[in-house]
Amino acid sequence: MLINNQNYRTVWMQYNFVYLINQQLLPHKFEIYKCKNYIETANAIKTMIVRGAPAIGATGAFGIAQAALEFKEDNFEDFKNYIENASGILKSTRPTANDLFYAIDFVKEKILKNFNVNDAKKDAVKLANEYADWNAELCRQIGEHGNNLIKNNQNILTHCNAGALACVDFGTALAPIRVAHYSKKSIFVYVDETRPRNQGASLTAWELAQEKISHAIIADNAAGFFMKKGKIDFAIVGADRIAMNGDVANKIGTYEKAVLAKENNIPFYVAAPLSTFDTKCKTGDDIPIEERSEDELLYIHGIDEDKKIKKIRIAPEQSSAKNPAFDVTPAKYITGIITEKGILKPIKQEIERFVNLKNAD
Ligand code: MRU
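The structure displayed is predicted, hence computed values, not measured ones.

## Looking at the sheet that holds strand E5 (residues 32-35)
Within the open sheet, the 3 strands sit side by side as E3-E4-E5. Their pairing is antiparallel. For this open sheet the edge positions go to strand E3 (11-14) and E5, each flanked by a neighbour on one side alone. With direction set aside, neighbouring strand axes in the sheet form an average angle of 25 degrees. Note that E3 and strand E4 (residues 17-21) share 4 bridges and pair antiparallel. For Gln14, the partnering residue across the bridge sits in E4 and is Phe17. Sitting on the sheet, helix H1 (residues 38-46) touches E4 and E5, and the angle it makes with E5 is about 135 degrees. Docked against the sheet, helix H2 (residues 53-70) engages E3, E4 and E5, running at close to 15 degrees with respect to E3.

## What to know about the domain arrangement of the protein
Partitioning the protein into domains gives domain 1 (2-140) and domain 2 (145-360). A separation of 24 Å is found between the C-alpha centroids of domain 1 and domain 2. On the side of domain 2, 39 residues touch domain 1, which itself brings 38 residues to the contact. Note on domain 1 versus domain 2: buried area summed over both sides is about 3,200 Å², and carbon and sulfur give 58% of it. For the interface between domain 1 and domain 2, the tally reads 1 salt bridge. Its salt-bridge partner being Arg94, residue Glu290 comes within 2.8 Å of it at the nearest N-O pair. Here domain 1 is connected to domain 2 by 17 residue pairs in polar contact (both at pLDDT 80 or more). Only strand E1 (2-3), H2, helix H4 (98-111) and helix H5 (117-147) provide two or more residues apiece to the side of domain 1 that touches domain 2. The element contributing the most residues to the side of domain 1 that touches domain 2 is H5, with 7 residues. Tallied by class, the residues present in the side of domain 1 that touches domain 2 amount to 23 nonpolar, 9 polar and 6 charged.

## Focus: the site of the ligand
As a structural note, the neighbourhood of the ligand is formed by 18 residues, with Arg51, Arg94, Asp240, Asn250 and Lys251 the closest of them. Contact distances for the ligand include 2.8 Å between an oxygen atom and a side-chain N or O atom of Arg94. At 2.9 Å from an oxygen atom of the ligand is found a main-chain nitrogen or oxygen belonging to Asn161. When isolated, the ligand has an accessible area of 400 Å², and the protein chains bury 99% of it. Elements represented by at least two residues in the shell around the ligand include exactly H2 and strand E11 (248-251). Taken together, the residues of the shell around the ligand break down into 8 nonpolar, 6 polar and 4 charged.

## Observations regarding the sheet that holds strand E16 (residues 336-339)
One open sheet holds the 7 strands; their spatial order is E8-E7-E6-E9-E12-E16-E17, and the pairing between them is mixed. Looking at which strands have only one partner, the edges of the open sheet turn out to be strand E8 (215-218) and strand E17 (342-344). In this sheet, neighbouring strand axes are inclined to one another by 25 degrees on average, regardless of whether the strands run parallel or antiparallel. Both strand E12 (residues 268-271) and E16 contribute to a ladder of 3 bridges, which runs parallel. Note on E16: the bridge partner recorded for Tyr269 is Gly336. Docked against the sheet, helix H9 (residues 254-263) engages strand E7 (187-192), strand E9 (234-237) and E12, running at close to 145 degrees with respect to E12. Against the sheet, helix H11 (residues 348-360) contacts E16 and E17, and its axis sits at roughly 150 degrees relative to E17.

## Let's talk about the pairing of strand E14 (residues 309-313)
When strand E13 (residues 299-303) meets E14, the two strands line up antiparallel, connected through 5 bridges. Across the sheet, the residue bridging to His301 is Lys311, located in E14. Hairpin remark: E13 followed by E14, antiparallel, with 5 residues in the connecting loop; positive phi at Lys307, about 65 degrees.

## What about the packing of H4 against H5?
Put simply, H4 and H5 touch, their axes get as near as 9 Å, and they point 145 degrees apart. In the packing of H4 onto H5, the handedness of the crossing is right-handed. Residues Asp99, Tyr102, Ala103, Phe106, Val107, Lys110 and Ile111 of H4 pack against Ala120, Asp123, Ala124, Leu127, Ala128, Tyr131, Trp134 and Asn135 of H5.

## Some thoughts on the packing of aromatic side chains
Evaluation of the coordinates by the stated rule reveals 18 aromatic pairs. On the basis of an interplanar angle of 10 degrees and a centroid distance of 5.7 Å, the ring pair of Trp12 and Tyr19 is categorised as stacked. Overall, Trp12 belongs to the partly exposed group, its relative accessible area being 24%. Taking the relative accessible area as the measure of exposure, Tyr19 reaches 15% and is therefore buried. Taken together through their ring pairs, the aromatic side chains of Tyr38, Phe71, Phe76, Phe79 and Tyr82 make up a single cluster. We note Lys251 situated over the ring of Phe326; from NZ or CZ to the ring centre the distance is 4.2 Å. The ring of Tyr299 has Lys311 sitting right over it, with the charged end atom 4.6 Å from the ring centre.

Definitions and limits used
Residues numbered from 1 in each chain as written. Predicted model: local features only at pLDDT ≥ 70, side-chain atom pairs only at ≥ 80, totals over all residues. Heavy atoms only, no water. Pairing = 2+ DSSP bridges. Helix = DSSP H or I, 4+ residues; strand = E, 2+ residues; numbered from the N terminus. Axes fitted to C-alpha atoms, helices over the stretch in contact; angles between N-to-C directions. Contact = heavy atoms within 4.5 Å. Domains from an automatic or database assignment. Buried area = accessible area lost by both parts, 1.4 Å probe. Salt bridge = Lys/Arg side-chain N within 4 Å of Asp/Glu carboxyl O. Polar contact = N/O pair within 3.5 Å; in protein donor to acceptor, adjacent residues only side chain to side chain. Nonpolar A, V, L, I, M, F, W, Y, C, P; charged D, E, K, R; others polar. Near = heavy atom within 4 Å. Areas by Shrake-Rupley, 256 points an atom, 1.4 Å probe, with all protein chains shown as cover. Left-handed = near helix turned anticlockwise from the far one by under 90°. Phe/Tyr/Trp six-rings, centres within 6.5 Å; stacked < 30°, edge-to-face > 60°. Buried < 20%, exposed > 50% of the residue type's maximum accessible area, 1.4 Å probe, protein only. Lys NZ or Arg CZ within 6 Å of the ring centre and 35° of its normal.

The structure is reproduced here in structure tokens:
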């Protein structure tokens, strides 16, 4: 992604350090965060310095590579135990996004097929880099497929941030929007603010502004208003995990936008790589939903007139809050799922066919 005329990825590795665009500070400050060991990388995922399903997947893959490099002995059995333990720590950071588990296993299972520590270390770095490159390429392909759905002069609604920042590059839901913009289509994006962490207002809006794509931030509660007025032609969101019947877990608030879209005859698309499908989840009821700190609702972060980032309480001292981070949108509200292999209907047979295509690669 282009930031201040320079190309960046959300996450990358150099020597044994993992580098991340610090998403806690955006849009107020652009800063790179350096994780010096895999425990710091795990903490960066947990504290949402990096967030978004494909991005935390790639970060987890780099975390395993870091753990491999940190192992100082030569005994392969001890190395195996060490990597299993590191994998457990990295996986315990966030529960909902499937890519985190998929990416960690992608690197771990392959390196543990080695017989000596040095080969496994070399493989780990190579595989994590391959995973990141592969993810960036999948997102580019999602952009091409999704662009076929976008017509000139359309208004598109999106929820949360499923842009380049949520992936390695390019984005999932924002990828078709980018490609439409690059191919000179005139489009306008309605950006849900996405309480409680405001990924829409702070990250999606920032990415669109960097690319000079016309947009406006709307209050989460305003989507129905704009849909009813005929201002939205279609909606496109990302996904954290997709069950085999087509139910989609995504940022809290996605479900109600999908129901509203159906009520107003507006197509509702999900964009995600096939690694987001979880063959172990038959329906959305099998997807674990992350419960986050109530502070995310009771406080708000912003910048004051002296350009200092501040955390401000907005609720009574006596109040508590409930804060599920994701919801599940039933398949019946979803028009189609845009993947790297094309656009599929959210039904079991079609999902299985696409997942098999991925496994055959
Ligand atoms: O809690 P987050 O910010 O890690 O949530 C993930 C998301 O950004 C969204 O749910 C997104 O739409 C899916 S990830 C491309």
